[in-house]
Amino acid sequence: MAPQHYSSKIDWWIIAVLAAIFIFVVSALLWVGIEWYVVLTIGAVLLGFIGLSCTEVRYVIDDDNLGVRSYIKWEWYPIENIKEVRKVTSLLAAPAMSFTRVKIKFQRGTTKLAYPLEISPKDRDVFIQDLLKINPNIKVIH
């Protein structure tokens, strides 16, 4: 089976916060009198970081594994070790760009995670159904 790729859902407030940070930094640099070309360079680097923040969180189901990419780092989890999934709304720090998430619990002792994994695929229903195709024993909590 070909790998299935899933983008992270991106909430509007994340874009707003990142834009506010950009505007604040550029304004502060101009306010203190830094030369425009230095501000332009710093602004370009900051925009690059903002772009990476919004595009480099993604997920993939490849064979029997779930891959989670958070910026430059991939983590892989065997789908056979997933015990349950649940749609949640959460503020916890996670490889997700949205509060609308899927919480994934693994069988005890099968991952190095001390807590459930929370991710934010754009279409949670399709994502959960794709997991169930590989491991029909996953309990879906509603």
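Read on for an overview of the structure.

### Regarding the sheet that holds strand β6 (residues 100–106)
- With respect to topology, 4 strands assemble into an open sheet ordered β7-β6-β5-β8, the strand pairing being mixed. Each edge of the sheet is formed by a strand with only one pairing partner; in this case those strands are β7 (117–119) and β8 (139–141). On average, each strand axis in the sheet is inclined to that of its neighbour by 20°, with strand direction left out of account.
- As defined by bridge partners, strand β5 (residues 82–89) adjoins β6 across 7 bridges and the pair is classed as antiparallel.

### A short note on the packing of aromatic side chains
- Tallied over the full model, the rule gives 5 aromatic pairs.
- Ring geometry for Y6 and F127: centres 5.0 Å apart, planes at 90°, overall edge-to-face. Remark: F127 occurs in helix α3 (residues 124–134) and Y6 occurs in strand β1 (residues 4–7); sequence separation between them is 121 residues. With respect to burial, Y6 and F127 carry one shared label: buried.
- Between the aromatic rings of W74 and W76, the centroid separation amounts to 5.4 Å while the plane-to-plane angle is 15°, which identifies the pairing as stacked.

### Considering the sheet that holds strand β2 (residues 57–62)
- If you walk across this open sheet you meet the 4 strands as β1-β2-β3-β4, and the pairing is antiparallel. This sheet does not close on itself; its edge strands, each paired only once, are β1 and β4 (73–78). Direction aside, the axes of adjacent strands within the sheet are offset by 20° on average.
- Here β2 runs beside strand β3 (residues 65–70); their pairing, made up of 6 bridges, is antiparallel. Its bridge partner being in β3, R58 is matched across the sheet by R69.
- Contacting β1, β2 and β3, α3 runs over the sheet at an angle of about 30° to β2.

So, how was this worked out
Residues numbered from 1 in each chain as written. Predicted model: local features only at pLDDT ≥ 70, side-chain atom pairs only at ≥ 80, totals over all residues. Heavy atoms only, no water. Pairing = 2+ DSSP bridges. Helix = DSSP H or I, 4+ residues; strand = E, 2+ residues; numbered from the N terminus. Axes fitted to C-alpha atoms, helices over the stretch in contact; angles between N-to-C directions. Phe/Tyr/Trp six-rings, centres within 6.5 Å; stacked < 30°, edge-to-face > 60°. Buried < 20%, exposed > 50% of the residue type's maximum accessible area, 1.4 Å probe, protein only. Contact = heavy atoms within 4.5 Å.

This is a description of form; function is not addressed.
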